[in-house]
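# Survey of secondary and tertiary structure
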Amino acid sequence: MEKMLLILLKLNNMKFYIAHIKSFSAKYLIILIAFLSLIINFYNISNVPPSLSWDEASVGYDAWSIVMNGKDQWSEAFPVAFQSFGEIKYPFHIYTTSAFIKFFGLHDWVVRAPSAFFGAINVVILFFLTRFITKNEKLALLTSLLLVICPWFINFSRVNWETNFALAFFLTGLLIFFHGIEKSPKIIPLAFIFFGLDLYTYNAAKLFIPIFVIFLCIIYCKELFKNLWISSASVFIFVLILCFGFLNPKLSGLTRFQQVSFNDELVKKTITYKITKNHYIGRGEIVFKNYLSHFNPQFLFISGDINPRHSSQLTGELYWSDLLLLPLGLLALFKLRKKYGYLIIVWFFLAPLPASIVNEVPHASRSMFALGGWQIVSSFGIYYLLRKIHKNFRKIVILLLALFIMASFLNYLYGYFNIYPKKYADVWQYGYKKIFTDYRDTFKNYDHVIITDRYNQPYIFALYYLRYPLSEFRSEVVYNKSIRKETSVVESFNHFIFTDINFYNLPKGKSLIFASPTDKMDELTPKNLLLNPDGSISIYVYEYEK
C-alpha cells in the first residue's frame, strides 16, 4: 500500500512538472512570436512603404509640435481632437507618437514605431485572450502566430494609422471582461472603460464597439446578472463615455462620415429604391452589397484592398489557406455550443459592418476589427480539420499545411519588401520625401520654392522634414481658398508656394521649381530629375529667374 502511495505521489509530481514545463515553454514561445512580430514590423520601416503618407507626416509634425510647444499645427494647446486636411484625427496615436519622439527624436522610423510596437503588443494580448477563453495554449500560440504573419495585419503595423491602437483597446477590454466574469467581477467596469475609450481611437469603433458590447451583454447576461450592481455600473460608464462624443462635435465622427458616405444619386440607382421609392431601403441595399464585398475572393485572397496604401496588391488580405480554414473554423465554433464560440462568430461577421455603411468598399482599414477574431476562427479551422482526418495522416496534413502557409508568407514578404515599394512609390507621395530630404539645404538660395500639389498636401511634408518652427509657420501661412483646397490645404508659407506648375504664372525672382510629370514644362530644361525607386520620374526640377 505504501509503495502504491509513493508511486502515485511520484506520478502526481511528474504531472505537475510536465504541466509546469508546458507552461514555461509556452511563455518562451509567445515571447519568440512577439519578437518575430517586432522584426517583421520594424525591418526597414523607414523605406517600406517608401515614404510617409500625408496622414503620417501630419501625425509626425503634430506629435513633434506637441513635444516642442504643447500645441498642434493649428496652435491649439493639447487638443482632444486634431484637425487634419478637413477631417478630425483622434488623439491616442498622436500623443503616443509624441512620447516616442520625445525619447528618439523626429525620424520616419520613429513616427511609424508606435504602430509597429502596438502590433507586437496586440499579438501578446491575443495570445492571453485566446488562452483564457479556450483554456488551450497550443490554440492560443497558433492564433498569435497566424496574426503575426497575416498580410492584413503587417500592412497596418508598418504605418502610423489608428488601427493597431484601436485593436489594442478592444482586445484588452475583452480580455479584462473574461477575467472579470470568471475570476474577479470587480474589474468588469475596467473592461467597459477600455471599450468606451476605444470609441475615440478610430471612427470604425463608433459602430463596431457598441453593437459588439450589446451582443457581449446578451450572450453573457447570466454571468452579468450575478453581479448586477457591478454590471449596471459598467454599462453606465460605457454609455457615459459614449455620450461624451456627442457633447464634443469633434469627437462625434460625423465629419468623416459625411465625407465618405454615399450620396442620394447612388441610392436612387438601387433596385429596391426604384421599386419602393424609399431612401432607407435603398441605402439598406447598398450597405448589404458593401458588406458582402468584404467576403470577395479578390479582396481576401488575390489582391486585397484596391487602395495600394492598404494592401501590397500582390496578395490578398489573407492567404489562400484561409479559404478552407475560415468556414471550418466557423463550423467548429458553432458545434462547440459554448458562449465564447458564439461571441467569436458574432465578432467575425460584425467586423466588416463599419466599412459597409460608407463608400470605398471593400475597405481593409475600416474593417480592421476582423484582425484577431478571424485568426481565432482559422485556428479552430485547423483543429477541426485535424480532428476529422485519420490519425495516420495528421502529420502529413500538418506538414503540408505548414509548408503551404510558410510559402505563402515568404512570397508575401518578398513582394512586400522588394516589389511593392518600387511599384507604388507615387501612391506614398515619395516625390515629396525626395524634395525635402535632397534639397533642404538649397532652399535658402532662392526667392521662391514652387512645389507641385499634384500628389496632395505638400505643405505637411515641408513642415515635417524641415522641422519648421510652429510660430513661424502660423505667422506666414496662407490657406488655399480655391477649389483645390480639398487636396491642398495650404497655398504658401515663407517662400514656399504649393500649386499646379504653369510657366506663364511663375513669380518674379529666382525660383526653384518641382513639377510632377503632369506639370512638366516644355519651356524649360530640367536641372535634375528625382526618380522613384523603380527608376521612373517622380519630380522634374527646374531653376528659373524672371
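From a predicted model like this one, the values you see are computed outputs, not experimental measurements.

Let us now look at the overall build of the chain. Check the secondary structure of the chain and you find 24 helices and nine strands. Relative to the globule expectation of 24 Å for 546 residues, the C-alpha radius of gyration of the chain, 26 Å, shows essentially globular dimensions. Charge separation in the chain, taken as the distance between the mean sites of 54 positive and 36 negative side-chain charges, equals 15 Å.

Another point: the pattern of salt bridges. Tallied over the full model, the rule gives 11 salt bridges. One salt bridge connects Lys527 with Glu543, and the closest N-O pair in it is separated by 3.2 Å. Note that Lys527 is positioned in the loop between β7 (510–515) and β8 (528–531) and Glu543 in strand β9 (residues 537–545), a separation of 16 residues in sequence. With relative accessibility at 49%, the residue Lys527 sits in the partly exposed group.

Moving on: the nonpolar core. Trp152, Phe170, Leu174, Phe195 and Ile209 are the most contacted members of the largest nonpolar core, which totals 100 residues. Residue contributions to this core peak at nine residues, all from helix α7 (residues 163–182).

Note that Ser115 resides in helix α4 (residues 108–134). Of note is the side chain of Ser115, whose polar atom sits 2.9 Å from the backbone oxygen of Val159. With residues near it in sequence (within four places) discarded, Ser115 still touches Phe156, Ser157, Val159, Asn160, Trp161, Asn164 and Phe165.

The next thing to look at is the packing of aromatic side chains. Applying the stated criterion across every chain yields a total of 64 aromatic pairs. For the ring pair Phe192 and Phe195, a centre distance of 5.9 Å and an interplane angle of 85° mean the geometry is edge-to-face. Separated by three residues within a single helix, Phe192 and Phe195 lie in helix α8 (residues 188–198), roughly one turn from each other. A single burial state applies to Phe192 and to Phe195, both of which are buried. With a centroid separation of 5.3 Å and an interplanar angle of 85°, the aromatic rings of Phe443 and Phe496 are classed as edge-to-face. In this pair, Phe443 sits in the loop between α22 (430–438) and β3 (448–452) while Phe496 sits in strand β6 (residues 496–499), placing the two residues 53 residues apart along the sequence. Since its relative accessible area comes to 2%, Phe496 is described here as buried. In textbook terms, an aromatic cluster arises when at least three aromatic residues are bridged by ring pairs, as seen for Trp54, Phe85, Phe436, Tyr439, Phe443, Tyr459, Tyr468, Phe473, Phe493, Phe496, Phe498 and Phe514. The aromatic ring of Trp428 is capped on one face by Arg112, whose charged end is 5.7 Å from the ring centroid. Note that Lys510 overlies the ring of Tyr446, its terminal NZ or CZ placed 5.1 Å from the centroid.

This next bit is on the pairing of β7. Burial of β7 is extensive: five of the six residues sit out of reach of the surface. Alignment of β3 against β7, held across four bridges, turns out to be parallel. Among the inter-strand pairings, Val449 is bridged to a residue of β7, identified as Leu512. Where β7 lies against β9, six bridges are found, and the strand directions are antiparallel. Pairing of Lys510 across the sheet is with Glu545, part of β9.

The geometry of helix α5 (residues 137–148) relative to helix α20 (residues 373–388) is characterised by a closest axis approach of 9 Å and an angle of 125° between their N-to-C directions. As far as their axial angle goes, α20 and α5 are oblique. The interaxial crossing formed by α5 with α20 has right-handed handedness. Together, Lys138, Leu139, Leu142, Thr143, Leu146 and Leu147 of α5 and Gln375, Ile376, Ser378, Ser379, Phe380, Ile382 and Tyr383 of α20 make up the contact between the two elements.

Another aspect to go through is helix α21 (residues 391–423). Spanning 33 residues, α21 covers 46 Å between terminal C-alpha atoms, matching the ideal 48 Å at 1.5 Å per step. Of all the bends found along α21, the most pronounced is centred on Tyr416 and spans about 40°. Within α21, burial applies to Leu401, Ile405, Ser408, Phe409, Tyr412, Leu413, Gly415, Tyr416, Phe417, Tyr420 and Pro421.

Overall, mixed pairing links the seven strands, which are arranged β4-β5-β6-β3-β7-β9-β8 in an open sheet. Single-partner strands in this sheet number two, and they are β4 (478–479) and β8. Note: strand β5 (residues 490–493) against β6, two bridges, orientation antiparallel. Within β6, the residue paired with Phe493 across the bridge is Phe496. Against the sheet, α22 makes contact with β3, β6, β7, β8 and β9, and its axis sits at roughly 125° relative to β8, the strand it touches most.

Time to look at unusual backbone geometry. The step from Val48 to Pro49 runs through a cis peptide bond, and the omega angle for that step is -5°. By the secondary structure assignment, Pro49 is in the loop between α1 (2–42) and α2 (54–69). In this structure, the amide linkage connecting Val361 to the following residue, Pro362, adopts the cis form with an omega of -10°. The residue Pro362 is located in the loop between α19 (353–356) and α20 in this model. Of note in the backbone geometry, Gln429 takes a positive phi value of approximately 55° without being a glycine. The residue Gln429 is located in the loop between α21 and α22 in this model. Positive phi values are uncommon outside glycine, yet Gln457 reaches one of about 50°. On the secondary structure map, Gln457 appears in the loop between β3 and α23 (458–466).

Parameters and conventions
- Residues numbered from 1 in each chain as written.
- Predicted model: local features only at pLDDT ≥ 70, side-chain atom pairs only at ≥ 80, totals over all residues.
- Heavy atoms only, no water.
- Helix = DSSP H or I, 4+ residues; strand = E, 2+ residues; numbered from the N terminus.
- Rg over C-alpha atoms; globule rule 2.2 N^0.38 Å.
- Lys, Arg positive; Asp, Glu negative; His and termini not counted.
- Charge placed at Lys NZ, Arg CZ, Asp CG, Glu CD.
- Salt bridge = Lys/Arg side-chain N within 4 Å of Asp/Glu carboxyl O.
- Buried < 20%, exposed > 50% of the residue type's maximum accessible area, 1.4 Å probe, protein only.
- Core = buried A, V, L, I, M, F, W, Y, C linked by side-chain atoms within 4.5 Å.
- Polar contact = N/O pair within 3.5 Å; in protein donor to acceptor, adjacent residues only side chain to side chain.
- Contact = heavy atoms within 4.5 Å.
- Phe/Tyr/Trp six-rings, centres within 6.5 Å; stacked < 30°, edge-to-face > 60°.
- Lys NZ or Arg CZ within 6 Å of the ring centre and 35° of its normal.
- Pairing = 2+ DSSP bridges.
- Axes fitted to C-alpha atoms, helices over the stretch in contact; angles between N-to-C directions.
- Parallel < 35°, antiparallel > 145°, perpendicular 65-115°, else oblique.
- Left-handed = near helix turned anticlockwise from the far one by under 90°.
- Expected span 1.5 Å × (residues − 1).
- Bend = angle between axes of the 7 residues up to and from the residue.

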